[in-house]
Amino acid sequence: MPEITRLFDLLLPYKTPAEGETVVFTHTRDETTNTITGTAYRDTVNRLSLGLLEKGISKGDTVATILTNRPEWNYFDMALLQIGAIQVPIYPTSGFDNCHYIFHNAKIAMLVVEDETMLRRMKRAINTLPDYVKVITIDKVRGYKQWLTIPVNHTEYESKKELLQQVKSTILEEDIASVIYTSGTTGDPKGVMLSHHNFISNFSAISALMRKELVNTALSFLPLCHVYERTLNYMYQHLGITIHYGRGHLFIKEDLSLLQPNMMCVVPRILEKIYTKIYAEGRNMRGLKKLLYYWSLNVAAHHRVGRKNGILHNMQYRIADRITYNRIRKLFGGELKVIISGGAALNNKLLRSFTAFGFFVLPGYGLTETSPVIAVTTFDKRGVREGTVGPLLQGVSVKISQSHEILVKGPNVMKGYYNDPEKTQKAFDEEGWFKTGDTGIIVKKRFLKINARKNELFKTSGGKFVSPQLMENKIRESDFIENIMIIGEKRPFPTAIITPNFDFLTSWAQRKEIKFSSHKDLITDTRIQQRIAVELNRYSEDFDRWARVRKFILTPRQWTSESGFLTPTLKLRRKEIERKYRRAIEKMYED
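Residues numbered from 1 in each chain as written. Predicted model: local features only at pLDDT ≥ 70, side-chain atom pairs only at ≥ 80, totals over all residues. Heavy atoms only, no water.

Student: I'd like a description of the pattern of salt bridges, backed by residues and values.
Tutor: Inspection of the entire model under this criterion finds 36 salt bridges. When the shortest N-O distance is used, the salt bridge between E482 and K273 registers 2.7 Å. Here E482, found in strand β23 (residues 481-487), pairs with K273, found in helix α10 (residues 268-280); they are 209 residues apart in sequence, far enough to count as distant. By relative accessible area, which is 37% here, K273 ends up partly exposed. The closest approach of N and O atoms between E431 and K399, which form a salt bridge, is 3.1 Å. Placement of the pair is E431 in the loop between α14 (421-426) and β19 (434-443) and K399 in strand β16 (residues 397-400), with a sequence separation of 32 residues. Judged by relative accessible area, K399 falls into the partly exposed class, the value being 30%. (Salt bridge = Lys/Arg side-chain N within 4 Å of Asp/Glu carboxyl O. Helix = DSSP H or I, 4+ residues; strand = E, 2+ residues; numbered from the N terminus. Buried < 20%, exposed > 50% of the residue type's maximum accessible area, 1.4 Å probe, protein only.)

Below is the structure:
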């Protein structure tokens, strides 16, 4: 395998005829799946690089892309990398404020937008761009140049390929590969500058942990504009794993069935939603079949991970595997082996259950600023421990500060924040350790355990500190609760806003013969409110009494990234949620 010092070196293997014929990507739209070979990939990237140079894009220029997961994302990524330009990926769900800020903070020279729908959504922000900024579309859109007009033709390429080689030779491993703006849950997003070396060090270390015999294909649906999916996207290419770009997170079940991948990467909310659907499968069953189904799920929830299970459990497990887990694996396409979970804490129930179903479940931890992986669970039994995010990644150093903050050093740590030396300086301590903003501990001198986000801790008016994130993660284990945000900063006690799991709640209400015609009817029913209160008490019993939620409101509105309540990786946008529910929150404290 050729040495990789710059990201576009990942294209080198496709020079050989054998590697060139391998399928690098597939792309499913509607019911059609297209394939892209290594030769086609490399050829398109090289011609696009020259075309971008002819358009005036050169080393150091910033180019914003607003794309879903598709092969064209990689074409532009690699083409820009080869000429030293800097990709600035933006979430397709971003609103005006985010887009406007990023466009102007990054001083973009070109904007690449997927289709007419995204153009309409971004129109206000696009209208604020200077006239010299070129706007290109992937799909055909009237009035805009399509990306296919940019690559030079094959004859031109042959006459100019030496120029491309000269430009590529000027690119260094410490050059900035991308500026990735954080999702901005607590203010304006920050542009994280990541070099070729940052990315390569990270995906190389992850690659060394992979069991390649288990994985030939992977399903990609988390946004490639997020560093988590992007780094794994590089890892797949590095290991020769075919990447299936499906139809997005709303079609995971269908794409798993159609494409039958061996691996996928998720955030915990995705696994929570999948588990809810698995649980719901038993609702239409009857008698002994239903009893055994839910008994099997209970066995899975008590399956120890990384530790020995007792003789009785092992006997129960073999029965449950034969009658239930085998069926669940078929729901995932029948070929899935590996699930990597990141972006937030994965609760033990999900870790145990999906491991029992027959998957390698590997929770990890990282940040955009660390390219991203700091620690990750491994395939080895000694590499997994419940309640942690696994051992530290090779080459990454961690220490815990006196305030319990996780500090990081390593080749994966960012170069700084774009156009913001002041915030860059504040991000590091006097010894050069990057301050993650998360608190945690090292367990058994090996495993990293995350406790809470420092800026999400709050102090009640009684002087008590509360970690809402820990409680929220635990309470979300309830089948009744889709999402929850706990409030209490400078308040006498914690309260919560809860979005119920309406799929489960609807079924439960029908069994209890509760009449309703809408979600609003459900959340205003006294019996349902009482049951939610029971669930809150049940899942809060391990927390201090003064930290527990005393009052709550139920909302009929589901929180999504599209509605602005969640980030694209499905984390709570706390300030936005608190702003939208301000009156209801105040009423809880008035009453």
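Student: Break down the sheet that holds strand β24 (residues 495-500) for me, with residues and values.
Tutor: What holds strands together in a sheet is hydrogen bonding between their backbones, with the strands either parallel or antiparallel. Read across the sheet, three strands follow the order β23-β24-β25 without closing on themselves; strand pairing throughout is mixed. Where the open sheet ends on each side, the last strands, each with one partner, are β23 and β25 (551-554). Direction aside, the axes of adjacent strands within the sheet are offset by 25° on average. Here six bridges tie β23 to β24, and the two strands are oriented antiparallel to one another. The partner of I487 across the bridge, within β24, is T495. (Pairing = 2+ DSSP bridges. Axes fitted to C-alpha atoms, helices over the stretch in contact; angles between N-to-C directions.)

Student: Explain the sheet that holds strand β10 (residues 217-220) to me, using residue names and the numbers behind them.
Tutor: Reading across the sheet, the eight strands line up as β2-β1-β11-β10-β12-β13-β14-β15 and stay open at both edges, with mixed pairing between neighbours. The sheet is open, and its two borders are formed by β2 (32-37) and β15 (373-376), each paired with just one other strand. When the angles between neighbouring strand axes are averaged without regard to direction, this sheet yields 25°. In the sheet, strand β12 (residues 263-266) pairs with strand β13 (residues 338-341) via four bridges, with the strands oriented parallel. Across the sheet, C265 pairs through a bridge with I340, a residue of β13.

Student: An account of the pairing of strand β17 (residues 405-409) is needed here, citing residue identities and associated values.
Tutor: Burial analysis of β17 places four of its five residues in the buried class, which makes it a mostly covered element. Note: β16 against β17, four bridges, orientation antiparallel. When the sheet's bridge partners are listed, V398 is paired in β17 with V408. Hairpin connection of β16 to β17: four residues between the antiparallel strands, including H404 at a positive phi of 75°. For β17 and β19, the ladder comprises three bridges, and the chain directions are antiparallel. The partner of L407 across the bridge, within β19, is K435.

Student: Provide a residue-level description of the pairing of β12, including the pertinent values.
Tutor: Sheet faces and side chains relate simply in a regular strand, where the side chains alternate between the two faces. Because side chains alternate across β12, one face comprises the buried residues M263 and C265, and the other comprises M264 and V266, equally buried. With two bridges connecting them, β10 and β12 associate as parallel partners. Across the sheet, L219 pairs through a bridge with M264, a residue of β12.

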